[in-house]
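Each chain is listed here by its residues.
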Amino acid sequence: MLAHLASLPQQPAWQPVPDDIAARFLSPEPPREGIGAEGAYQEFRDTILPYPNGNLHPRFWGWVQGNGTPLGMMADMLAAGMNAHVAGFNQAPSRVEHQVIAWLASLLGMPPTSGGVLVTGGTIANILGLNVARHAKAGFDVREEGLHGRPMLTCYGSSETHGWLQKGVELLGLGNRAWRRVPVDAEFRVDLAGLKRAIVADRMAGHHPFCIIGTAGTVNTGAIDDLEALADIARDEGLWFHVDGAFGALAHLSEDLRPLVRGLGRADSIGFDLHKWMYLPFGAACVLIRDDAAQRAAFATSPDYLRREARGVIAGGLPFADRGIDLTRPFWALKVWMSLKAHGVDTFAALIEQNCRQAQYLAGLVRGASELELMAPVPLNVVCFRFVRSGVSPGDLDRINGEILLRLQEEGIAVPSGTRVRGRYALRCAITNHRSRREDFDRLVQETRRIAAEVGGAG
Ligand SMILES: *Cc1c(COP(=O)(O)O)cnc(C)c1O
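Computed from a predicted structure; not experimentally measured.

Participant: I'd love a proper account of the overall build of the protein, names of residues and values included.
Facilitator: If you tally the helices and strands in the protein, you get 15 helices and 11 strands. Computed over its C-alpha atoms, the radius of gyration of the protein comes to 24 Å, within 12% of the 23 Å expected for a compact globule of 459 residues. Overall, the C-alpha framework of the protein stretches about 70 × 65 × 45 Å when taken along its three principal axes. Buried residues in the protein amount to 52% of all 459 residues. Pairs at least 24 residues apart make up 73% of the contacts formed inside the protein by residues separated by at least 6 positions. A total accessible area of about 20500 Å² is found for the protein, and carbon and sulfur atoms account for 54% of it. Averaging the coordinates of the 47 positive side-chain charges in the protein and doing the same for the 49 negative ones gives two points 3 Å apart.

Participant: Before we move on, can you summarise the site of the ligand with the specific residues and values?
Facilitator: The environment of the ligand is formed by 14 residues, the closest being Gly122, Thr123, Asp244, Asp273 and Lys276. Within the contact set of the ligand, an oxygen atom lies 2.8 Å away from a side-chain nitrogen or oxygen of Asp273. Lys276 is positioned such that a nitrogen or oxygen atom in its side chain is 2.9 Å from an oxygen atom of the ligand. In the complex, 86% of the free accessible area of the ligand, which totals 380 Å², lies under the protein chains.

Participant: Lay out the state of the cysteines with the relevant residues and their values.
Facilitator: This model, assessed by the stated rule, comprises zero disulfides. Summary of cysteine pairing: Cys286 is not part of a disulfide, and the nearest cysteine sulfur, belonging to Cys211, is at 17 Å. Cys286 sits in the buried class, given a relative accessible area of 0%. Left unpaired, Cys384 is separated from the closest cysteine sulfur, that of Cys429, by 8.6 Å. Overall, the relative accessible area of 1% leaves Cys384 in the buried class.

Cut-offs applied
Residues numbered from 1 in each chain as written. Predicted model: local features only at pLDDT ≥ 70, side-chain atom pairs only at ≥ 80, totals over all residues. Heavy atoms only, no water. Helix = DSSP H or I, 4+ residues; strand = E, 2+ residues; numbered from the N terminus. Rg over C-alpha atoms; globule rule 2.2 N^0.38 Å. Buried < 20%, exposed > 50% of the residue type's maximum accessible area, 1.4 Å probe, protein only. Contact = heavy atoms within 4.5 Å. Areas by Shrake-Rupley, 256 points an atom, 1.4 Å probe, with all protein chains shown as cover. Lys, Arg positive; Asp, Glu negative; His and termini not counted. Charge placed at Lys NZ, Arg CZ, Asp CG, Glu CD. Near = heavy atom within 4 Å. Polar contact = N/O pair within 3.5 Å; in protein donor to acceptor, adjacent residues only side chain to side chain. Disulfide = S-S within 2.5 Å.

Below you can see the structure in the form of structure tokens.
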């Protein structure tokens, strides 16, 4: 794997799985007799390792995916070797997770009394936060009674909120309609007056507002809601304040970037990833909850077979099982702990700053190219742009830009992803990549212009 990582710059950013290799994965018959470790490893090297989606590569900026660090990889191997069961128990691995939660609370400006739990990803982290909010603010015992015959519980997140919230409101039985999609301003931040109006209107209609969701770093453009103002509104209205900080919350690690996420530490809960902008291997995310008791009140159970004792292996109970859904939980905390120990916070802060500078650099290249257009402000690490040419219809521009994106990927040059900004197709680079260098962005823009001339030049 180390040799593989070292060879990445010489490899295509992505290549499809060849048909003959894809065919080898189609047999429904499991192997009756093993081929041995050597044989299985050889197959891994031949048929799997060369064909990932590309997210290790220096020119991968699609969606928002982290790249994984060598140390994180080795920590995961140690964790798998120990195979610790980190529901809790009287063991060092649980102490590691407690320490990691305390470190992360400190890094994001949350009080040291905060609780939290590591999970597989930002989606789960955010949904756990929303569930604590629902339990704390419903005004009745949701766990016991469910939502039967109650006023609709409503929550508020901008129209730019990531899709985790739709999954969350549906999964928690609130219903998709319970997510009030508040419009955004010119910079894609939640419109505060619109938010206040929505809360008032819902109260007038007999609904029960319970939670405001702010985003620190939207998935589309990296916009950061006015967290300070959202915290004020939540306080005045008696609502829970949850922040989805999937990648953007990590800006708090940098002294220079911290003002962008001012108010983050006033959240009641923050969901964020460690496998995006802390570059750790998947899956690693965290939800922090200001009131640890509220989290346990929302999740803890005490069946007989998990009886707590004051002594022995189960002394200390199962604090992590009591703060979320998972019971058997792997030792995710080790890669976080080892990475912070080995590299130090300042290294991560410097890499995050580097990615933001690269976003500005890319935005500058786009501004400097007459046939390219920046489609949204670049407050953080996400750059949305497209090819434009006068006299070409909006629909044709969308198609041309979609084709440019696919050719960039298929030719193995780079992996941006696509989105729509105010209804128009955009190429989007979300830079959470510690392997990218300035030359990589030069190359992206050069090749985009070349392909644009091929695809869009003839008109
Ligand atoms: C990626 C992302 C999520 C979801 O996180 P996963 O780790 O992919 O589950 C939520 N919100 C935002 C803003 C994101 O970028």
